[in-house]
Amino acid sequence: MDVKKELAPSGTLRVGLNYGNFLLVLKDEPDGTPRGIAPDLGRELGKRLGVPVEFVKFQQAGQLADGVRDGKCDVGFLAAEPQRANEIAFTKAYLEIPVTFLVPAGSKIRSQADVDREGVRIAVSARSAYDLYLTRTLKHATLVRAEGIAASHERFLREKLDVLAGLKPQLVLDAEKLPGSRVLDGQVTGVQQAAGTHPSRKAGAEYLRQFIDDVKRSGLVAKTIDKHGVRGVTVAP
């Protein structure tokens, strides 16, 4: 099957964006045009396919994953996670974002090793890549979920939770506004930002994999990171 027909069956490539990730999707232009690393890569993909691009906007990672699964968009830029791999055909990662923890002033939690203990309550953005990772790996601590990054921050403060899990660049900003709070050293995991499409689009998925490999190898991902001044992320190996 023609790759163009498989990835953009309507004649327009519908690209799904996660507006909950401020590192990949910045504030829109005044006319509503999406800005950021993911929109730029979506435009490049459309250019190579020779089709116009329409952006489909989602507020959270889980909603975008559902959108790719349910055909609400043709391609999504989102984190590759094992729990999603049966429903989405992922590329290799093009970008890695470190994940860590923030603790409030006076916390007795000093390191990553202190977090996974009985009675420790961790605020987390529901169905984010790191929520899925922590769900798989934590043995003792309790995850307290909220709908989105901002909401998880608010719940952390409102309920006086022990730990806030999040993308390190965001937590560094949060710590500046919370006197005495600390971002723990090291990282819990690295969120592997990738692109994905529906598994039934086999030729399209293979083209997408080659596209991501090429934009990494050519330096386009690195240039896009620099263009938008995004700090705290790295091109995935």
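What counts and how
Residues numbered from 1 in each chain as written. Predicted model: local features only at pLDDT ≥ 70, side-chain atom pairs only at ≥ 80, totals over all residues. Heavy atoms only, no water. Helix = DSSP H or I, 4+ residues; strand = E, 2+ residues; numbered from the N terminus. Rg over C-alpha atoms; globule rule 2.2 N^0.38 Å. Buried < 20%, exposed > 50% of the residue type's maximum accessible area, 1.4 Å probe, protein only. Contact = heavy atoms within 4.5 Å. Salt bridge = Lys/Arg side-chain N within 4 Å of Asp/Glu carboxyl O.

**Re the overall build of the chain**
Argument step 1. Within the chain, the regular secondary structure consists of eight helices and 11 strands.
Argument step 2. Rg of the C-alpha trace for the chain: 18 Å, near the compact-globule value of 18 Å for 237 residues, within the 12% margin.
Argument step 3. Its C-alpha atoms give the chain principal-axis dimensions of roughly 60 × 35 × 30 Å.
Argument step 4. Buried positions account for 54% of the 237 residues belonging to the chain.
Argument step 5. For the chain, long-range pairs separated by at least 24 residues make up 70% of all intrachain contacts whose partners lie at least 6 apart in sequence.

**Description of the pattern of salt bridges**
Argument step 1. Considering all chains together, one arrives at 20 salt bridges under this definition.
Argument step 2. Here Asp-40 makes a salt bridge to Lys-227, at a shortest N to O gap of 2.8 Å. Separated by 187 residues along the polypeptide, Asp-40 in helix α2 (residues 37–49) and Lys-227 in helix α8 (residues 220–227) bring together distant segments of the chain.
Argument step 3. Given a relative accessible area of 16%, Asp-40 falls into the buried group.
Argument step 4. Among the residues examined, Lys-227 registers a relative accessible area of 57% and is labelled exposed.
Argument step 5. Put simply, Arg-69 and Asp-66 hold a salt bridge, and the shortest N to O gap is 3.5 Å.

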